[in-house]
Amino acid sequence: AFAAHGVTFLEGGVLGPLLLYLYKRESSEFVAYHALQSFYFGLLFMLVSIGSCGILAIPGVVVYILYEIRACIAANDGEWYALPLAGAWAARRHAPPLSPTS
């Protein structure tokens, strides 16, 4: 799960998480969730950057990196951390376990 977010710093956040998702989607819900949301987050960042004709690319990179760092830390700690928008989309396929109610 950590690698799904960490690989984004090496290749830009699309291909690495997608390959990890395709490889682990059947064997680990946790890794699949983090890989899929990292893939979605990378696509979302690319679409916003292209859609804004590059105007939002520089501030977007800063926000993108900060969220991915937070996601790396959370994944390493075993948390089902959700990135903005992408986490909810990924949870539709690989839902975090329900918390017990008190």
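Bear in mind the structure is a predicted one, so any value in this text is a computation, not a measurement.

Parameters and conventions
- Residues numbered from 1 in each chain as written.
- Predicted model: local features only at pLDDT ≥ 70, side-chain atom pairs only at ≥ 80, totals over all residues.
- Heavy atoms only, no water.
- Helix = DSSP H or I, 4+ residues; strand = E, 2+ residues; numbered from the N terminus.
- Buried < 20%, exposed > 50% of the residue type's maximum accessible area, 1.4 Å probe, protein only.
- Expected span 1.5 Å × (residues − 1).
- Axes fitted to C-alpha atoms, helices over the stretch in contact; angles between N-to-C directions.
- Parallel < 35°, antiparallel > 145°, perpendicular 65-115°, else oblique.
- Left-handed = near helix turned anticlockwise from the far one by under 90°.
- Contact = heavy atoms within 4.5 Å.
- Nonpolar A, V, L, I, M, F, W, Y, C, P; charged D, E, K, R; others polar.
- Phe/Tyr/Trp six-rings, centres within 6.5 Å; stacked < 30°, edge-to-face > 60°.
- Core = buried A, V, L, I, M, F, W, Y, C linked by side-chain atoms within 4.5 Å.

Trainee: Please provide a residue-by-residue account of the overall build of the protein chain, values included.
Mentor: Counting its regular elements, the protein chain contains 6 helices and 0 strands. Starting at the N terminus, the α and β elements of the protein chain follow one another as α-α-α-α-α-α. Its C-alpha atoms give the protein chain principal-axis dimensions of about 45 × 30 × 20 Å. Taken over 102 residues, the protein chain has a buried fraction of 37%.

Trainee: Run through helix 4 (residues 29-51), naming residues and quoting values.
Mentor: The terminal C-alpha atoms of helix 4 lie 32 Å apart, and with 23 residues this matches the ideal 33 Å at 1.5 Å per residue to within 8%. Cysteine 53 lies just past helix 4 and shows a positive phi near 55 degrees.

Trainee: Break down unusual backbone geometry for me, citing the residues and quoting the values.
Mentor: Although it is not a glycine, leucine 85 adopts a positive phi angle of roughly 60 degrees. Looking at where leucine 85 falls in the secondary structure, it is placed in the loop between helix 5 (57-76) and helix 6 (86-91).

Trainee: Describe the packing of helix 3 (residues 15-24) against helix 4, listing the residues and the values that go with them.
Mentor: Any two packed helices are characterised by how steeply their axes cross, that is the angle between the axes, and by the distance between the axes. One can describe the packing of helix 3 onto helix 4 by two numbers: an axis separation of 8 Å at closest approach and a directional angle of 150 degrees. On the basis of their axis angle, the class for helix 3 and helix 4 is roughly antiparallel. Considering only the axes of helix 3 and helix 4, their crossing is left-handed. Each of Pro17, Leu18, Leu20, Tyr21 and Lys24 in helix 3 lies in contact with helix 4, whose residues at this interface are Val31, Ala32, Ala35, Leu36, Ser38 and Phe39. Residue classes in the contact of helix 3 with helix 4 are distributed as 9 nonpolar, 1 polar and 1 charged.

Trainee: Got a sec to walk through the environment of glycine 78? Specific residues and values, please.
Mentor: As for its position among the elements, glycine 78 is in the loop between helix 5 and helix 6. For glycine 78, a relative accessible area of 42% puts it in the partly exposed group.

Trainee: Got a sec to walk through the packing of aromatic side chains? Specific residues and values, please.
Mentor: Tallying each qualifying case throughout the model produces 7 aromatic pairs. Relative to tyrosine 40, the ring of phenylalanine 39 lies with its centre 5.9 Å away and its plane at 45 degrees, an arrangement referred to as tilted. The interplanar angle of 15 degrees and the centroid separation of 5.4 Å between the aromatic rings of phenylalanine 41 and tyrosine 64 together place this pair among those described as stacked. Remark: tyrosine 64 occurs in helix 5 and phenylalanine 41 occurs in helix 4; sequence separation between them is 23 residues. In terms of burial, phenylalanine 41 and tyrosine 64 fall into one category: buried.

Trainee: Requested: an account of the nonpolar core, with residues and values cited.
Mentor: Ala4, Val14, Tyr21, Ala32, Tyr33, Ala35, Leu36, Phe39 and Ala90 together form the largest nonpolar core, which totals 9 residues. The biggest single contributor to this core is helix 4, with 5 residues. Tyr64, Ala71, Ala74 and Leu83 belong to the second largest nonpolar core, which has 7 residues in total.

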